[in-house]
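Chain by chain, the residues run as shown.
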Amino acid sequence: MKRVLVKSVFDAFDYVMDHYYPAGLEDLASRSDTYAVISIQDTHTKGFGLEFRENQFCKGVLTLYFDDIVKEVPGAVLFSRGQAEKILDFIHAQKRVDTLLIHCYAGQSRSRAVGAFAVKMLGGDNSRYFKTGTPNPHVINILEEVWDSRNCEEN
């Protein structure tokens, strides 16, 4: 994996559409890299009405439904250990793609937390995610706890 991109749902859609071309006109595509998507969607609307699918460029999709909260809130879904497990497994399974594309509604909190964690998990420096925004602290804490517990089990 060469890079991790964190986007809003709108910018994620634009990124995906940069890979599109009309039949027989491949040179019109702005991008040709392979990618995998972690799509984080809100629960109160049952998602954004947008679903990513695998194709010649998109090699994997993980769609999760949880809200941008840091503690239990009636009517909202808090990020869980089970969802963290799915993210770790997905990142590991998608290491061969060029780009890991992560989005939530605004690309500022939930996806930023997952992006920061993914960069760390892949051995990179994730400090930029904390300098330019506020990753959801609950999401990143749960991801790190699950990752640490896996590392302890392996050793």
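Anything mentioned here points back to the structure above.
Values in this document were obtained by computation on a predicted structure and should not be read as measured data.

Chemist: Please explain helix α3 (residues 110-121) as it appears in this structure.
Modeler: Side chains of residues three or four places apart in an α-helix project in the same direction, reflecting 3.6 residues per turn. Over its twelve residues, α3 extends 16 Å from the first C-alpha to the last, a length consistent with the 16 Å expected when each residue adds 1.5 Å. For α3, the buried fraction is high: eleven of the twelve residues fall into the buried class. When α3 is considered as a whole, its buried residues turn out to be R110, S111, R112, A113, V114, G115, A116, F117, A118, V119 and M121. Looking at the buried positions of α3, the neighbouring elements they touch are β1 (3-8), β2 (35-41), α2 (81-93), β4 (99-104), α4 (128-131) and α5 (137-154). Phi turns positive, to about 90°, at G123, one or two residues after α3.

Chemist: Help me out: how do you make sense of unusual backbone geometry in this one?
Modeler: Among all residues except glycine, the phi angle is most often negative; among peptide bonds, the trans geometry is most common. Despite not being glycine, K46 shows a phi value in the positive range, around 60°. Tracing the chain through its elements places K46 in the loop between β2 and β3 (58-65). With relative accessibility at 72%, the residue K46 sits in the exposed group.

Chemist: Which parts of the structure should I look at to understand the packing of α3 against α5?
Modeler: Between two packed helices, the angle of one axis relative to the other and the distance separating the axes together describe the packing. Where α3 contacts α5, the axes come no closer than 8 Å and their chain directions differ by 30°. In terms of axis orientation, α3 runs roughly parallel to α5. Here α3 runs over α5; the crossing is right-handed. Within the contact between the two elements, α3 uses R110, A113, V114, A116, F117, K120 and M121 and α5 uses V139, I140, L143, E144 and W147. Here the contact of α3 with α5 is composed, by residue class, of nine nonpolar, no polar and three charged.

Chemist: How should I be thinking about α2 in this particular structure?
Modeler: Counted at 1.5 Å a residue, the expected span for α2 with its 13 residues is 18 Å, and the 18 Å between its end C-alpha atoms agrees. Within α2, burial applies to Q83, A84, I87, L88, F90 and I91. Viewed end-on, α2 has its buried residues packed into an arc of 165°, placing them on one side of the element. Across α2 from its buried face, at more than 90 degrees, point the exposed residues H92 and A93. At its buried positions, α2 is contacted by β2, β3, β4, α3 and α5.

Chemist: Would you mind showing me how to read the pattern of salt bridges here?
Modeler: A full pass over the atoms with the stated rule returns nine salt bridges. Across the pair R110 and D42 runs a salt bridge whose closest N-O atoms are separated by 2.7 Å. With R110 in helix α3 and D42 in the loop between β2 and β3, the pair connects residues that are 68 residues apart, well separated along the chain. Like R110, the residue D42 is buried in the burial classification. For E145, the salt bridge identified is with R81, shortest N-O distance 3.3 Å.

Calculation notes
Residues numbered from 1 in each chain as written. Predicted model: local features only at pLDDT ≥ 70, side-chain atom pairs only at ≥ 80, totals over all residues. Heavy atoms only, no water. Helix = DSSP H or I, 4+ residues; strand = E, 2+ residues; numbered from the N terminus. Expected span 1.5 Å × (residues − 1). Buried < 20%, exposed > 50% of the residue type's maximum accessible area, 1.4 Å probe, protein only. Contact = heavy atoms within 4.5 Å. Axes fitted to C-alpha atoms, helices over the stretch in contact; angles between N-to-C directions. Parallel < 35°, antiparallel > 145°, perpendicular 65-115°, else oblique. Left-handed = near helix turned anticlockwise from the far one by under 90°. Nonpolar A, V, L, I, M, F, W, Y, C, P; charged D, E, K, R; others polar. Arc of directions from axis to C-beta. Salt bridge = Lys/Arg side-chain N within 4 Å of Asp/Glu carboxyl O.

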